[in-house]
Each structure stands twice: as structure tokens, then as C-alpha cells.
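Structural overview
What follows is the residue order along each chain.
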Amino acid sequence: MATGTRWLPKAAMRPFGPDPSHSDCVLVVGVSRPKLAALFLSVMLLSLFLTFHILYDSAVYSIQAATAISENKIAILTNHIPNPPVINQPVVFPNRIHFPKTSRRLPQCLIIGVRKCGTRALLEMLYLHPRIQKAAGEVHFFDRDENYLRGLEWYRKKMPHSFRGQITIEKSPSYFVTPEVPERVRAMNASIKLLLIVREPVTRAISDYTQLRSHAATATLPQQQSLSSTSPLSRSFEELAILPNGTVNEAYRPLAISQYHVHVHRWLEVFPREQLLVVNGDQLIDDPVSQLRRIEDFLGKWCFNYYRD
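Residues numbered from 1 in each chain as written. Predicted model: local features only at pLDDT ≥ 70, side-chain atom pairs only at ≥ 80, totals over all residues. Heavy atoms only, no water.

Overview of the layout of surface pockets
Put simply, the second largest pocket is a space of about 430 Å³. Around the second largest pocket sit 15 residues that line it, and Arg115, Lys116, Glu138, Gln211 and His215 are the ones nearest its centre. For the lining of the second largest pocket, the secondary structure elements donating two or more residues are helix H2 (119-127), helix H6 (201-217) and helix H9 (253-257). Taken together, the residues of the lining of the second largest pocket break down into four nonpolar, five polar and six charged. (1 Å grid on protein atoms, 1.4 Å probe; cavity = no way out; pocket = protein on both sides within 12 Å on 5 of 7 lines; lining within 4 Å. Points joined across faces, edges and corners; volume = space filled by probe spheres on them. Helix = DSSP H or I, 4+ residues; strand = E, 2+ residues; numbered from the N terminus. Nonpolar A, V, L, I, M, F, W, Y, C, P; charged D, E, K, R; others polar.)

Quick look at the structure:
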């Protein structure tokens, strides 16, 4: 006898039909645990609903993505592009589903720089932590007036959905060198945590120069125009970094960014030292766990010992 069902004894079976000699009988099956059966049925219906919902959402997303890509291709073919396309930016749909009890929150931590010091690598490493959410891309809210004038609500909508207790981090390396950014950040959150990753300054400057030259060489303009003899990027790093009189060209942007003390001083005039953590970008490559542990301790109550043995 099965545990969840009860079978009628053979003596209780009745012939089926008017003829008593008919050999067919009715077998009655009863469920002895109706609550368990109802629960099982509910689980089955819920599974079907979730499966349908996921398939439907995936289909809608695919259609939207295909439509966006097709429209972009048509615009390119017909040369009707109202705004230049953004390269290497994913197609984003703001109405994507998200977990319940989550919301978009203003960041509690910012990676403010430095450019070409590993800000992207640092953000991706931190994103492995279960209590950290990251903003997609560089928002440039505090360093670009056109974005800052849109207000904090616009900025908040650029943040990912997160659970209560998670920390949201946004990264824009140009925050570090833009004079008005520290005051703007303090106006949003005076207790915000700031992460600053640095490398050996000359190595950083050369890396910056190399990237600028590479971007110029792959620009849409003809190469002979983008790297002409009159273009600064046609000159070597030494020619740009050293003036004819032998002094350092501190106005050259890759070198200006590498003057960390100038920019750090501006930030420390606005924020206390304990809210700014300097991360060694070279050590992050050689021994990332030690640097991540420092950051974990710096973030304090938001993070548990995820990087501990």
C-alpha cells in the first residue's frame, strides 16, 4: 500500500454496468494527505509560471536587442546618425527584472582614480565580493557639469539594484583630478568612503601616453591627419615630457595626473584622512589578496571577512 494513497479492498469493488456478471470494476483511489497534494500542485504551478516568465523575459530582451542593433545599422547605412554612436557600450534596458526587496541606492564608496592605475581591475575584483554591487561603466556624474545638473535622482538611477546591507561602488578615474569634484561628493554624502589606486608615477604617465597615442592611431580620421607632424602625439614621450630648456613639462596632462600629491591635497582639504584609502596598484598585481583585505577592513561594517583564510 502506498503511503500517500488508500486503495479500496477487493470486496468493496462493485461491478460496472447493469450486468452483474460484467468483469469490469471501478477502482476508487483516494488521497489521504490533501494538504501535501495541494502543496505539490502549488509547487508545480509555480515552477511552470517561473519558467514561462523567464522564457518570456528572455524573448522580449532578445527582440529589443535585435531591434536596437537593426536601427543602429540602418542609421549607419543611411548616414542618419543624430548622435555619434558610443563604442563598446552595452545595450541597456532600464526595465529589466530584478530581485524583490532591492532598490537603487546612491554609492557608499567611490573609486576616484587614478587613470591607468588599475581602476577597472580593482572594481572587478571587488565585485566578486557578495556584498558589493558596482555601477555599470563610468557615470561621470561629479566631473561633468551636464550630468551633475541633472541631479542626484538621475545619478541614483544609474546605480544597480542592491539589497539592504550591500555596498554600491561607482568608478570614474577623472574624479581625482577634477577640482570641483570633492565638494560635490561631500554635498551628496559627507561620510562616503574613497578608494584611490596608484602606481609608480612615471610608469603611469608612460602608460597614459601610450593609450592616447593608440587611440589617435585608431581614430576615424585618416592616420596621416591624426598623427601628422604637427600633432603632439606624433612626438615621443620624452619630447612631450621634457621642455627644450631641460625642465619637466608639468603642464603635460599625463605628467600632471601623475603628480598625486597635488590632487590628494585637494581631497584631504574636504574629507578626513580616514575616509580615503590609497591602494598600491603594483601590489594589487603581485599580491591582490593583501590589498583586498585592506579594502575589506576599510569598508568596515559593510563587509565580512570574505578574503580571510
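Section: the UniProt feature "binding site: 3'-phosphoadenylyl sulfate" (unreviewed entry) in the protein
UniProt's feature table lists "binding site: 3'-phosphoadenylyl sulfate" (unreviewed entry) at Lys116, Cys117, Gly118, Thr119, Arg120, Arg199 and Ser207, given in the numbering used throughout. Taken from the residues named earlier, the lining of the second largest pocket is made up of Lys116, Thr119 and Arg120. Classification of Thr119 by relative accessible area gives buried; the value is 6%. Ignoring sequence-local partners within four residues, the contact set of Thr119 consists of Ile111, Gly113, Val114, Lys171, Pro173 and Ile197. In this structure, Arg199 sits in the loop between strand E8 (193-198) and H6. Apart from residues no more than four positions distant in its own chain, Arg199 is found in contact with Lys116, Cys117, Ser207, Tyr260, Gly281 and Asp282. (UniProt positions renumbered as here; feature names shortened; annotations may be inferred. Buried < 20%, exposed > 50% of the residue type's maximum accessible area, 1.4 Å probe, protein only. Contact = heavy atoms within 4.5 Å.)

Topic: the side chain of Gln166
Take Gln166: it is sitting in the loop between strand E6 (161-163) and strand E7 (167-171). At a separation of 2.9 Å, a polar atom in the side chain of Gln166 contacts the main-chain amide nitrogen of Phe163. With residues near it in sequence (within four places) discarded, Gln166 still touches Gln108, Pro130, Arg131 and Gln133. (Polar contact = N/O pair within 3.5 Å; in protein donor to acceptor, adjacent residues only side chain to side chain.)

Focus on the packing of H2 against helix H12 (residues 288-299)
Two elements in contact, H2 and H12, have axes whose closest approach is 11 Å; the angle formed by their N-to-C orientations is 70°. By the angle between their directions, the pair H2 and H12 is classed as roughly perpendicular. Taking contact as the criterion, the partners of Leu122, Met125 and Leu126 in H2 are, on H12, Pro288, Leu292 and Ile295. In the contact of H2 with H12, the residues fall into six nonpolar, no polar and no charged. (Axes fitted to C-alpha atoms, helices over the stretch in contact; angles between N-to-C directions. Parallel < 35°, antiparallel > 145°, perpendicular 65-115°, else oblique.)

Notes on the pairing of E8
Where burial is concerned, most of E8 is hidden: six out of the six residues are buried. Side chains Lys193, Leu195 and Ile197 project from E8 onto one buried face, and the interleaved Leu194, Leu196 and Val198 project onto a second face that is buried too. The sheet contact formed by strand E4 (residues 109-113) and E8 spans four bridges and is parallel. Opposite Gly113, over in E8, you have Leu196 as the bridge partner. Both E8 and strand E9 (residues 276-280) contribute to a ladder of five bridges, which runs parallel. (Pairing = 2+ DSSP bridges.)

Description of the pattern of salt bridges
Across all of its chains, the model carries nine salt bridges by this definition. Measuring nitrogen to oxygen at the nearest pair gives 2.5 Å for the salt bridge that ties Lys171 to Glu138. Taken together, the residues Lys171 in strand E7 and Glu138 in the loop between strand E5 (132-134) and helix H3 (145-148) connect sequence positions 33 residues apart. Residue Lys171 is classed as buried on the basis of its relative accessible area, which comes to 3%. (Salt bridge = Lys/Arg side-chain N within 4 Å of Asp/Glu carboxyl O.)

Re a nonpolar patch on the surface
On the surface, Leu36, Leu39 and Val43 cluster together into a nonpolar patch covering about 270 Å² of accessible area. Looking at where Leu39 falls in the secondary structure, it is placed in helix H1 (residues 34-78). You can call Leu39 exposed: its relative accessible area is 52%. (Patch = residues over 30% accessible without salt bridge, like charges linked within 9 Å, V, L, I, M, F, W, Y side chains within 5 Å. Areas by Shrake-Rupley, 256 points an atom, 1.4 Å probe, with all protein chains shown as cover.)

Let's talk about helix H5 (residues 181-188)
For H5, every residue scored as buried is listed here: Val181, Pro182, Arg184, Val185 and Met188. Looking straight down H5, one finds that the buried residues subtend no more than 165° of arc, so they occupy a single side. In this fold, the buried residues of H5 make contact with E4, H3, helix H4 (152-157) and helix H10 (260-268). (Arc of directions from axis to C-beta.)

Section: the confidence of the model for the protein
Any segment with low pLDDT has predicted coordinates that should not be analysed in fine detail. Taken over all residues, the pLDDT of the protein has a mean of 78, while the share at 70 or more is 66%. Contacts for the low-pLDDT stretch residues 1-5, under 50 throughout, to residues beyond four places or in other chains number ten contacts. In this model residues 220-228 is a low-confidence stretch, pLDDT under 50, and it forms nine contacts with partners more than four residues away in sequence or in other chains. (pLDDT = per-residue confidence, 0-100.)

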